[in-house]
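So you can see what is in the structure, the chains are spelled out below.
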Amino acid sequence: MDSGDLVIDVAGLHKSFGKFGALNGLDLQVERGQVHGFLGPNGAGKSTTIRVLLGLLSADSGRVRLLGGDPWRDVVELHRRLAYVPGDVSLWPSMTGGEAIDLLGSLRGGIDEARRADLVERFELDPTKRGRQYSKGNRQKVAIVAALASDVELLILDEPTSGLDPLMENVFQEVVGEAVARGTTVLLSSHIMAEVEILADRLSIIRDGVIVETGTLSELRGHMRTTVRAELATVHDIDRVAVLHEVHLDGNHLTATVDTDRIGEAMEALTACGLRSLTVTPPSLESLFLRLYEQDDETETTR
């Protein structure tokens, strides 16, 4: 991959706080024009990584390039080219939401006024209220509008929809898609798996300060099993079909899992049993995430 195609290029990143190693050789690459999902449980190192990218922390060692620059040395220049939305937004208590949007936009060289007006309407935000009057969800809206109304190259979003209702989450997904269509790159950290599943082109999963899985959702699903549910004419000896795993029978109704690359073999076996109905459900991002962490926990237990 040409380094010019990378908006974020991190290799061998280490950061410790005293004896605690928050990042332990992290590698992360985000290509231009992508939405890159960044997943992991609390304490895995997501926030530390984002703070290093924003120039709020200096790394102990490793390579960190952001938009071709060094986020520690080139922090002022880089912050004119990116926008950040945290998971818990604090606003100036006496400043209106509209004033906050304009101030934040001015730090990035201005905002698109037509897009600002459109976003305010779509997010149903009252920009005349003061910061102290806003709920958590509305504070998030102010930060999202300020970020997306600016013509930035990179959006770093850390739990951006925290506090938003489902309707506003849908609006968020729409406007992020529009930003990507304009050429914006997005690093998205979120605990809302469905949100990441819809938006992300690629995913990186972090654990204990290192990336343990990265790839497209399809690539990551290739390591998981697909769930099949079927109604059969006969279930005699069905639990002996080697291609099926975790077989559960309820009368003539079967639930089982199958390796993704062996679905065809499973269909043949089920057809031979008088297949009456069939539902095939590929693994969700949430199940993939949980399975990965369960496997790692089992590995640590057996050490």
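These numbers were taken from a predicted model, which means no experiment stands behind them.

Colleague: Would you take a moment to explain the confidence of the model for the protein for this structure?
Modeller: In low-pLDDT segments, the atomic positions of the prediction should not be examined closely. Averaged over all residues, the pLDDT of the protein equals 89, while 93% of them reach at least 70. Note that residues 298–303 has pLDDT below 50 and, in this model, two contacts with residues that lie over four places away or in other chains.

Colleague: Sorry if this is basic, but what is going on with the pattern of salt bridges here?
Modeller: Two side chains of opposite charge can pair, provided their charged atoms sit close to one another. Using the criterion set out here, one finds 18 salt bridges in the structure. In this structure, Lys15 and Asp60 form a salt bridge, with 3.8 Å as the shortest nitrogen-oxygen distance. Separated by 45 residues along the polypeptide, Lys15 in strand 1 (residues 6–17) and Asp60 in the loop between helix 1 (46–53) and strand 4 (61–66) bring together distant segments of the chain. Judged by its relative accessible area of 46%, Asp60 falls in the partly exposed class. In this structure, Glu219 and Arg202 form a salt bridge, with 3.9 Å as the shortest nitrogen-oxygen distance. On the criterion of sequence distance, the pair formed by Glu219 in helix 8 (residues 217–221) and Arg202 in strand 8 (residues 202–207) is long-range, its members being 17 residues apart.

Colleague: Sorry if this is basic, but what is going on with helix 4 (residues 113–122) here?
Modeller: Helical geometry note: an α-helix holds 3.6 residues per turn, so side chains three or four residues apart project in the same direction. Within the sequence span of helix 4, burial applies to Arg115, Arg116, Leu119 and Val120. Angular distribution of buried residues about the axis of helix 4 spans 135°; they occupy a single face of the element. For helix 4, the exposed residues set more than 90 degrees away from the buried face come down to Ala114 and Glu121. You can read the cap of helix 4 off the contacts: a side-chain oxygen lies 3.1 Å from the backbone nitrogen of Ala114, and it is on Asp112. Glu124 sits one or two residues past helix 4 and shows a positive phi near 55°.

Colleague: Got a minute to help me understand the side chain of Thr257 in this structure?
Modeller: Structurally, Thr257 can be placed in strand 12 (residues 253–259). Here the side chain of Thr257 touches Glu246 through a polar contact of 2.8 Å, side chain to side chain.

Colleague: I keep staring at the sheet that holds strand 2 (residues 20–31) and nothing clicks. Help me out?
Modeller: In any sheet, the strands associate via hydrogen bonds between backbone groups, in a parallel or an antiparallel arrangement. What the three strands build is an open sheet, ordered 2-1-4; its pairing is antiparallel. Edge strands, defined here as strands with exactly one partner in the open sheet, are strand 2 and strand 4. When the angles between neighbouring strand axes are averaged without regard to direction, this sheet yields 15°. Where strand 1 and strand 2 come together, nine bridges link them in antiparallel fashion. Its bridge partner being in strand 2, Phe17 is matched across the sheet by Phe20.

Calculation rules
- Residues numbered from 1 in each chain as written.
- Predicted model: local features only at pLDDT ≥ 70, side-chain atom pairs only at ≥ 80, totals over all residues.
- Heavy atoms only, no water.
- pLDDT = per-residue confidence, 0-100.
- Contact = heavy atoms within 4.5 Å.
- Salt bridge = Lys/Arg side-chain N within 4 Å of Asp/Glu carboxyl O.
- Helix = DSSP H or I, 4+ residues; strand = E, 2+ residues; numbered from the N terminus.
- Buried < 20%, exposed > 50% of the residue type's maximum accessible area, 1.4 Å probe, protein only.
- Arc of directions from axis to C-beta.
- Polar contact = N/O pair within 3.5 Å; in protein donor to acceptor, adjacent residues only side chain to side chain.
- Pairing = 2+ DSSP bridges.
- Axes fitted to C-alpha atoms, helices over the stretch in contact; angles between N-to-C directions.

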